[in-house]
Amino acid sequence: MTEKRTSSSEPPHTTEPNKGMISRRKMLASLGVVGASFAAAGLTGGTLQACASSDKDKDKDKGNVVKVRSVDDLRAEIDSDESYVYYVQDRGLEGHFYYDESDTTSPDDGVEVIVSTSGNRFKRIFAYQSTGDETGLYEYARVKPIPPSGQIANEAETIIPYKGALYCLFKGSYSLEDQSYIVVIRPSGDGVLSVASRTDLGVGANARAMAIYNDNLFVFTNAALKVYRILDGGLQFKLDYVRKFGGWMQTCTIINGRLYAPNWESGTIDRFDLINGVPSRETRFTIGGSGNASIVTSGSFHYLIRASATDHVVRLDIDQNGDVINRGSHTIPNVALPRYATAYNGVMTIGGYGASRTVAVDISTGTPVALDDYINMPTHVRAGNYLIGRAYGGASGMFQDKTVKVRMSDGAVEVVSDQGILYPIMYKSTVFAFLSGLDGKHPNARPNDSALGQEVACYSTDALKKGIEFPECPGDYAYIDSLKYSNVKNFAPNEVIAAFKSFSPVKLGWLRVKLSYTIINNQNVPGDSVTRESVYTYFKTNSGSWSLSIPDVDLAESGALTARLDFHASGADAYVSVSEALTNAFIDMKIDYYLLNRDTGSFYLV
């Protein structure tokens, strides 16, 4: 029924500070659901690893893992042990579970909690699931890049984590005629960051916006768009693309494989198609108003943050052709001159300048969901129930240029550092940011300070220090899987072939589906066939229902058959069905699906 696999050596142990060695059993019990998820994912120093899914990986599996064929087999499991992770292989219900010895009351819901015949509770492990109550901000490492010769001012602009490294854009002071440059930073040991390379852009202090896509780095330098190829931690110059329209770009972003950048104070957005890493088909869209600063994107919701006194947020749609559509604007109270925002779990937080407040709004409507007494945090990240960033304001300026955590549930403020962080970005539970400083010439400068955020640091937001999490691969979706089906049979009208099982019905999340299939009807119309490949993107709301965000895109189609496979998303259900009756038909189907959160669910064959 089940197969236990352990290493041939003694069970691994881990060290608990000041308490010597603790067993895996005690460690797993103390970590709970979230800790178990990181243990199963191999993120707690390798003491536990996720179960291999095929025989070829047996030699790689050095942890204590139990392979279970089905949920029913897990219910029949009598040898329950907290020191094991149980991997269920059921299609649509597959995943890792752990045995919670302390739980004797939770009901069996067939998805997140499985109760065995002996009354043991097995809990699903959601990899990288946030509990929403992160309490830490632990610094792991920092490094201070050396600017070009003779330059003292390194004004920080943006950080992009990409394939095991940080790509950091700096520009110098305008008044000092400094130069812009890009630094690549990598971890080089436990708690150590090192500069792998520095690329001087050959332009003055006017490089402000940068993006990375498919190993190509794009940086705006006003009239031009410089393109570099990323090669082993370094940058190889590729070309200078002379822009058709020009303009000053403060930020830019990649959406569905295209580069979008709002023009500062012009009310326009420029789009660049990227063909083999080369910008092309430059198009400008007039959005209205002035003072455009940045685009916030979450799946298929896109918003333009405008540094103006009114109508601060514009809802954007980007259709299947990549064209930008203005869907109306929202006036957000209590924020002035907004420039930056972040989106998290259906809520967008916006920071501004001057006497403004940082506010939180519903991402789909633009209406405030929480205001309270937040101080102003022009740039910040969201970690569970907290905003973390550089703050201004408070009584007598007590939070001036400090790093704080603001609890969104009640607005409580905690100072975590006397040094502010600039332009932070979050990957999983690690925050990467620049540290604010004072110009080296300033009378209050710290030793060796230069201006406006010259050091780069990384922090963990978890209560448990897991180490620095660097991205291994790019992508907007955290989980990718495929489902294949091939069969010859009679199909009834609207017969469902595959369905989507929601692990957490109320979990907000994005689903992208690529449906590829061939139908050959050998009896009704001998030899007639149809081949199609379509892409769908859906958003799952907090009610568990699906809403279509981008229309389906048909990539290929041939043949005269009227029958087809339809992808439906209605309410909480999502499934693939045959549109018409077929007799003795061959259907060869593949579903590639991409999920923002693994705990959103999975496809299975009906």
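Residues numbered from 1 in each chain as written. Predicted model: local features only at pLDDT ≥ 70, side-chain atom pairs only at ≥ 80, totals over all residues. Heavy atoms only, no water.

**Observations regarding the overall build of the protein**
Inclusion rule: A helix here means a DSSP run of H or I that spans at least four residues, while a strand means a run of E at least two residues long, and both kinds are numbered starting from the N terminus. Exposure categories follow from relative accessible area, calculated using a 1.4 Å probe and restricted to protein chains: below 20% of the type maximum is buried, above 50% is exposed, and the middle band is partly exposed. Here, two residues are considered to be in contact whenever any of their heavy atoms come within 4.5 Å of each other. Accessible surface is estimated by sampling points in the Shrake-Rupley manner with a 1.4 Å probe; for residues, cover comes only from the protein chains shown.
Within the protein, the regular secondary structure consists of 2 helices and 45 strands. Among the 606 residues that make up the protein, the fraction classed as buried is 53%. Contacts in the protein between residues at least 24 apart in sequence constitute 55% of all its contacts with a sequence separation of at least 6. Accessible surface, the protein as shown: approximately 25700 Å² in total, 48% of it carbon and sulfur.

**Notes on the sheet that holds strand 38 (residues 496-501)**
Pairing between the strands of a sheet is mediated by backbone hydrogen bonds and can be parallel or antiparallel. Stated formally: Paired strands, in this sense, are two strands between which DSSP finds at least two bridges. Every axis corresponds to a line fitted to the C-alpha atoms, with the helix fit spanning only the stretch in contact, and the corresponding angles, defined between N-to-C directions, vary from 0 to 180 degrees.
In space, the 4 strands of this open sheet follow the order 42-43-38-45, with antiparallel pairing throughout. Unpaired on one side and paired on the other, strand 42 (565-570) and strand 45 (602-605) mark the two borders of the sheet. Averaged over all pairs of adjacent strands, the angle between their axes in this sheet comes to 20°, without regard to strand direction. Relative to strand 43 (residues 573-578), strand 42 runs antiparallel, the two being bridged by 6 bridges. Bridge pairing in strand 43 links Ala569 to Ala574.

**Notes on the sheet that holds strand 31 (residues 386-391)**
If you trace the 4 strands from one edge of the open sheet to the other, you get 30-31-32-33, paired in antiparallel fashion. Each edge of the open sheet carries a strand with a single partner, namely strand 30 (380-383) and strand 33 (413-417). Ignoring which end each strand starts from, the neighbouring axes of this sheet average 25° apart. Note that strand 31 and strand 32 (residues 402-407) share 6 bridges and pair antiparallel. Opposite Gly389, over in strand 32, you have Val404 as the bridge partner.

**Considerations on the environment of Val381**
In this structure, Val381 sits in strand 30. Residues Val381 and Tyr423 lie 42 residues apart in sequence; the distance between their C-alpha atoms is 8.7 Å. When near neighbours in sequence (up to four residues on either side) are disregarded, Val381 contacts Tyr386, Leu387, Ile388, Pro424, Ile425, Met426 and Val431.

**Some details on the confidence of the model for the protein**
Our working rule: Within a predicted model, pLDDT stands for the predictor's per-residue confidence, ranging from 0 to 100.
Across the protein, pLDDT averages 76, with 73% of residues at or above 70. Across residues 127-133, where pLDDT falls below 50, the model places 15 contacts with residues more than four positions away in sequence or in other chains.

**So, the environment of Thr268**
What counts, and what does not: Think of a polar contact as two N or O atoms within 3.5 Å of one another; within protein, one of them needs to be a possible hydrogen donor and the other a possible acceptor, and neighboring residues in sequence only count if both atoms come from side chains.
Relative to the helices and strands, Thr268 is located in strand 20 (residues 268-275). Along the backbone, Thr268 and Gly247 are 21 residues apart, and their C-alpha atoms lie at a distance of 9.7 Å. Separated by 2.7 Å, the side chains of Thr268 and Ser266 make a polar contact.

**Structural notes on the nonpolar core**
Test applied: What is meant by a nonpolar core is a set of buried Ala, Val, Leu, Ile, Met, Phe, Trp, Tyr and Cys residues, joined one to another through side-chain atoms within 4.5 Å.
If you look at the biggest cluster of nonpolar residues, it comprises 31 residues, and the most contacted ones within it are Leu565, Phe567, Ile587, Met589 and Ile591. Breaking this core down by element, the ones donating at least two residues are strand 37 (479-491), strand 38, strand 39 (509-521), strand 40 (528-540), strand 42, strand 43 and strand 44 (582-595). The residues touching Ile591, leaving out its near neighbours within four places in the chain, are Asp481, Ser482, Leu483, Ala498, Val513, Lys514, Leu515, Val576 and Phe603.

**Re the pairing of strand 33**
With 4 bridges connecting them, strand 32 and strand 33 associate as antiparallel partners. Bridged to Val404 within strand 33 is Val415. Connecting the antiparallel pair strand 32 and strand 33 is a turn made up of 5 residues, with Gly411 showing a positive phi of about 80°.

**Topic: the pattern of salt bridges**
Note the cut-off: A pair is scored as a salt bridge if a Lys or Arg side-chain nitrogen falls within 4 Å of a carboxyl oxygen belonging to Asp or Glu.
Under the definition given, this model contains 24 salt bridges. Across the pair Asp270 and Arg243 runs a salt bridge whose closest N-O atoms are separated by 3.2 Å. Residue Asp270 is found in strand 20, and its partner Arg243 is found in the loop between strand 17 (234-242) and strand 18 (253-255); the two are separated by 27 residues along the sequence. Of the two residues, Asp270 and Arg243, both sit in the buried class. The shortest N-O distance in the salt bridge between Arg271 and Asp323 comes to 2.9 Å. Placement of the pair is Arg271 in strand 20 and Asp323 in the loop between strand 24 (313-318) and strand 25 (324-330), with a sequence separation of 52 residues. Given the relative accessible area of 26%, Asp323 is considered partly exposed. In the salt-bridge network here, residues are joined through shared partners; they are Arg258, Arg271, Asp273, Arg281 and Asp323.

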